[in-house]
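Take a look at the letters that make up each chain.
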Amino acid sequence: MSLRRHLSVCACLVAQLAAGCFNPTGTGGDSTGGSTAAPTTDSTGATTTPDPGTTTTGTTALPDSTTSTDTTAPVTTAPDECPAECPPEAPYCDGGTCVGCKDFEDLSCAALFPDQPNCDADSGVCVACLADIQCAGGLVCHQQLSQCVECEESADCGDPAAPVCDQATHTCRACEAHAECGERACERETGKCFPESALATAVRYAEPGAGGCDAHDCLTPDTPCCSVAQALIKLQQSNELTHVVVHLAGTDNAPVNVTGAVLAGRAVALRGTDGAALTAKTNGGSPTVWLNNGAAGRLYLADVDVFDANGAAAVACTTGDLLWVDDARISNAQNVNIGNPAPGLYGENCDLHADRTVIVGNQIGVRITGDRKATLRNTIVAGSTNELRSEIEVDNGARLELVYATVGDTNNKIGSLLAATSALNVTIRNSALVAGPNDTLVITAPLDNLTIDYSAVPSEDLLGRGSGNVYVADPVAEIDFKSWPNDLRLDAPGLLANVARWQPGDPRTDLEGAPRPARPDTPDVAGADLP
């Protein structure tokens, strides 16, 4: 018995027919047909078959189980008596009749297609799997693809270091956003979700102005506390407690101080929902958001608008482990104590990390001091208002890394774009450094500690600080910003086009989630935003 299948499923056979798809007469190809891509095997060992709907019309011969056991050699049979195209539910031609795999008589999917040995009776097509038990090596059966994959959903990912199922690749990876960890949060530096155990992770809710919030237990969105500070105060000391999450809805006018015995050494995440904002007035006192936990402690701040701080800083970390800010906006920090200008983001003996964040209109944009590091990715820092201070200040042996950042001195002030007078090192890559056309002092830093690659720079003197840099003399004329000086997102890239070079480990999206090329050495737009 000979068995043929229409070319629309020829991809299933390429592994057996190394020479390609063959016309049943053996003459080399159907003039109305086309070739089709071969199956591929991903890093998990699962076989991926191209979409049958993408191939063109034609026919192919399959091995005859009674005459041939060599599935790698070309096979020719008598001309086909089936229609030019068999229907999707009966895609195989058996003795002149279109049939589905459930109607095979002498043959089987396993014999014909070793990589697709199971018959899907509903569709009539041979597939890799129908149930998890048909997948080896701990793989699961993806119900829509009928393929063995590492994961179909994050519940399939058992490794704490890779808790998220990537829906593009169906492989487990580290978390990259707090939302990927449900109501918990992501340890952004490790890619692990906060522990699932309620003893290890306390989840609380705050909504200022919610009716009866003073008496609430803070345990659900329907019983929130009146402020983030109240939710933290109500936590009980426990040796098992290692992580805390507070979800904020609405605008909180109370300062957030992450300190004290209950929170010391622990990881705290403050996640905003429904346009959450923090706007505490401390009148020259503490920062609006302050991690002050001694030698340990981590604070993750995400999806929150922090504005109009009038104390020492808007968001700050002093003597903690890490302050990580995601998807936030920090603006208009103006210390009423005029002798101490307020940074939007401040770190002292604490690592800072900002991703997909806008820091604008503060007296100082970002300041880090002490033997620690600030990393800004997909972040805009611009429009600082203190005449003598800089957008970014790096001091006392601190380090700075800018990757896909936009830093703009948009106010034509005396202070420089970047001041790093006693920095250990400053590395800048794939970024846009722009200054108004009247600025003369753009960067104050020892050049032996400064490296700039594949970036736009505001001075010709900086072109030689690395590879692939371009000089932007007048950003207003040469780059199409949405609104100079207030909004340094892009309408069109101008001179920023094709300046950057994406590398593994770089952000896969821009400030607003638009995809970057994600291929090594691919040209890209420099700076935080894609037009």
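Above this note sits the structure.
This structure is a prediction, so every number in the text was calculated from the model and none was measured.

Conventions used here
- Residues numbered from 1 in each chain as written.
- Predicted model: local features only at pLDDT ≥ 70, side-chain atom pairs only at ≥ 80, totals over all residues.
- Heavy atoms only, no water.
- Helix = DSSP H or I, 4+ residues; strand = E, 2+ residues; numbered from the N terminus.
- Buried < 20%, exposed > 50% of the residue type's maximum accessible area, 1.4 Å probe, protein only.
- Contact = heavy atoms within 4.5 Å.
- Areas by Shrake-Rupley, 256 points an atom, 1.4 Å probe, with all protein chains shown as cover.
- Phe/Tyr/Trp six-rings, centres within 6.5 Å; stacked < 30°, edge-to-face > 60°.
- Lys NZ or Arg CZ within 6 Å of the ring centre and 35° of its normal.
- Pairing = 2+ DSSP bridges.
- Salt bridge = Lys/Arg side-chain N within 4 Å of Asp/Glu carboxyl O.
- Disulfide = S-S within 2.5 Å.
- Polar contact = N/O pair within 3.5 Å; in protein donor to acceptor, adjacent residues only side chain to side chain.
- Core = buried A, V, L, I, M, F, W, Y, C linked by side-chain atoms within 4.5 Å.

(A) Focus on the overall build of the protein chain. Each helix and strand counted, the protein chain has 3 helices and 44 strands in total. Counting all 531 residues of the protein chain, 53% fall into the buried class. For the protein chain, restricting intrachain contacts to residue pairs at least 6 apart in sequence, the fraction spanning at least 24 positions comes to 59%. Surface summary for the protein chain: the accessible area is close to 21700 Å², and the carbon and sulfur share equals 50%.

(B) How the structure looks around the packing of aromatic side chains. Scanning the model with the defined rule gives 4 aromatic pairs in all. On the numbers, 5.9 Å between centres and 65° between planes, the contact of F194 with Y300 is edge-to-face. Of this pair, F194 sits in the loop between β14 (192-193) and β15 (201-206) while Y300 sits in strand β20 (residues 298-302), and the two are 106 residues apart along the sequence. Here F481 and W484 contribute two aromatic rings whose centre-to-centre distance is 5.5 Å and whose plane-to-plane angle is 40°, an arrangement assigned as tilted. Residue classification places F481 among the buried residues on the basis of a relative accessible area of 7%. Ring pairing ties together the aromatic residues Y92, F104 and F113, which thus form one cluster. In this arrangement the basic side chain of R516 is found over the ring face of Y404, its NZ or CZ atom lying 3.8 Å from the centre.

(C) The arrangement of the sheet that holds strand β25 (residues 343-348) in detail. The strand order across the open sheet formed by 8 strands is β17-β19-β22-β25-β28-β31-β34-β37, and the pairing between neighbours is parallel. Where the open sheet ends on each side, the last strands, each with one partner, are β17 (256-258) and β37 (443-444). As judged from the 4 bridges shared by strand β22 (residues 315-318) and β25, these two strands associate in the parallel manner. The residue of β25 that forms the bridge with A316 is Y346.

(D) Here's a closer look at the pattern of salt bridges. Under the definition given, this model contains 24 salt bridges. Note that R389 and E393 form a salt bridge whose closest N and O atoms lie 2.8 Å from each other. The exposure class of E393 is buried, given its relative accessible area of 5%. Via salt bridges that share partners, R188, D326, D327, D355, R356 and R377 belong to a single interconnected network.

(E) Structural view of the state of the cysteines. Per the counting criterion, the structure on display carries 13 disulfides. The disulfide that involves C82 links it to C93, with 1.9 Å between the sulfurs. With the S-S dihedral at roughly 95°, the linkage between C82 and C93 falls on the right-handed side. Taken together, the residues span a long stretch of sequence, with C82 in the loop between β4 (59-61) and β5 (92-94) and C93 in strand β5 at a distance of 11 residues. Take C82: its relative accessible area is 11%, and that puts it in the buried class. The class for C93 is buried, based on a relative accessible area of 4%.

(F) Up close: the side chain of T357. Take T357: it is sitting in the loop between β26 (351-355) and β27 (358-360). You can call T357 buried: its relative accessible area is 0%. Reaching out from T357, the side chain makes a polar contact with the backbone nitrogen of A328 at a distance of 3.4 Å. Within the structure, the side chain of T357 is placed 3.1 Å from the backbone oxygen of D355, a separation counted as a polar contact. Sequence-distant contacts of T357, that is, excluding residues within four places in its chain, are made with V325, D326, D327, A328, N378, T379, I380 and L511.

(G) Region of the structure containing the nonpolar core. Within the largest apolar cluster, 68 residues are counted, with the highest numbers of intra-cluster contacts made by L232 and I392. In terms of residues, this core owes the most to one element, strand β18 (residues 267-278), which gives 4 residues. Filtering out sequence-adjacent residues up to four positions away, L232 remains in contact with V244, V246, V256, N257, V258, L263 and V268.

(H) The arrangement of the environment of V358 in detail. Here V358 is to be found in strand β27. Taking relative accessible area as the criterion, V358 reaches 14% and is therefore assigned buried. When the C-alpha positions of V358 and D327 are compared, they lie 8.0 Å apart, and in sequence the two are 31 residues distant.

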